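Here is what each chain is made of, one letter per residue.
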Amino acid sequence: MKKVIVRLFILLSFSLASVSASALGVVSRSCAAAGAQESISVDWGFKNYLLWTASEHYRNGVKLHAINTVKVDANGKPISNGWEMTWRSYAGHLASEFWYGTVVGHHYKSDSGLISFLGNSTATDCNLGEWGGS
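Quantities reported herein were computed from a predicted structural model and do not represent experimental measurements.

About the thresholds
- Residues numbered from 1 in each chain as written.
- Predicted model: local features only at pLDDT ≥ 70, side-chain atom pairs only at ≥ 80, totals over all residues.
- Heavy atoms only, no water.
- Salt bridge = Lys/Arg side-chain N within 4 Å of Asp/Glu carboxyl O.
- Buried < 20%, exposed > 50% of the residue type's maximum accessible area, 1.4 Å probe, protein only.
- Disulfide = S-S within 2.5 Å.
- Helix = DSSP H or I, 4+ residues; strand = E, 2+ residues; numbered from the N terminus.
- pLDDT = per-residue confidence, 0-100.
- Contact = heavy atoms within 4.5 Å.
- Pairing = 2+ DSSP bridges.
- Axes fitted to C-alpha atoms, helices over the stretch in contact; angles between N-to-C directions.

### Digging into the pattern of salt bridges
Point 1. Going through the model one piece at a time under the given rule, you end up with 3 salt bridges.
Point 2. Residue Lys63 is joined to Glu56 by a salt bridge in which the shortest nitrogen-to-oxygen separation is 3.5 Å.
Point 3. Since its relative accessible area comes to 18%, Glu56 is described here as buried.
Point 4. Among the salt bridges present, the one from Lys71 reaches Glu84, with a minimum N-O distance of 3.2 Å.

### Observations regarding the state of the cysteines
Point 1. What the rule picks out here adds up to 1 disulfide.
Point 2. The residue that forms a disulfide with Cys31 is Cys126, at a sulfur-sulfur distance of 2.0 Å. An S-S torsion of about 75° defines the bridge between Cys31 and Cys126 as right-handed. Highlighted residues: Cys31 in strand E1 (residues 24–31) and Cys126 in the segment after strand E8 (114–123), separated in sequence by 95 residues.
Point 3. Judged by its relative accessible area of 5%, Cys31 is buried.
Point 4. Relative accessible area serves as the criterion here: at 13%, Cys126 is assigned to the buried category.

### Topic: unusual backbone geometry
Point 1. In this structure, Asn60 takes a positive phi of about 55° despite not being glycine.
Point 2. Turning to its location among the elements, Asn60 is positioned in the loop between strand E3 (49–59) and strand E4 (62–68).
Point 3. Not every positive phi belongs to a glycine, and Ala95 is a case in point at roughly 60°.
Point 4. With respect to the element layout, Ala95 can be found in the loop between strand E6 (88–93) and strand E7 (102–111).

### Details of the confidence of the model for the chain
Point 1. Of all residues in the chain, 81% attain a pLDDT of 70 or more, and the chain-wide mean is 84.
Point 2. Within the model, pLDDT remains below 50 along residues 1–20, and this stretch shows 0 contacts once partners closer than five positions in the same chain are excluded.

### Observations regarding the sheet that holds E6
Point 1. Read across the open sheet, the 3 strands follow the order E1-E2-E6; overall the sheet is antiparallel. A strand with exactly one partner marks an edge of an open sheet, and here the two such strands are E1 and E6. The average undirected angle you get between the axes of adjacent strands in this sheet is 10°.
Point 2. Relative to strand E2 (residues 36–43), E1 runs antiparallel, the two being bridged by 8 bridges.

Here it is in structure tokens:
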């Protein structure tokens, strides 16, 4: 019995280590009910990273627009390069685009000046199975 408990403890330790090591995730959704067309780079453990995210929105196969984390002023002039030290990098629209389409997210992380591609995310629905974990 003692060996079984030790093995379970070891297995649980490795499982938790792999979860925390892979907490940085990427997700997109096209959710008509919420009016959401969005892509998010997120650390489910709330650890901050230098992140940049872009989100392309398609309807009926036609690209409507793209949005990213670059901040602009009232005249549309960029006031930031879009890199944010955060646990949640958001690019998209919420409560404004009430249709289903395709959302393609592009996700990046910078560490000591080296940029890593985290991956693309694609969604054609609310994609609820992807939310809350990596």
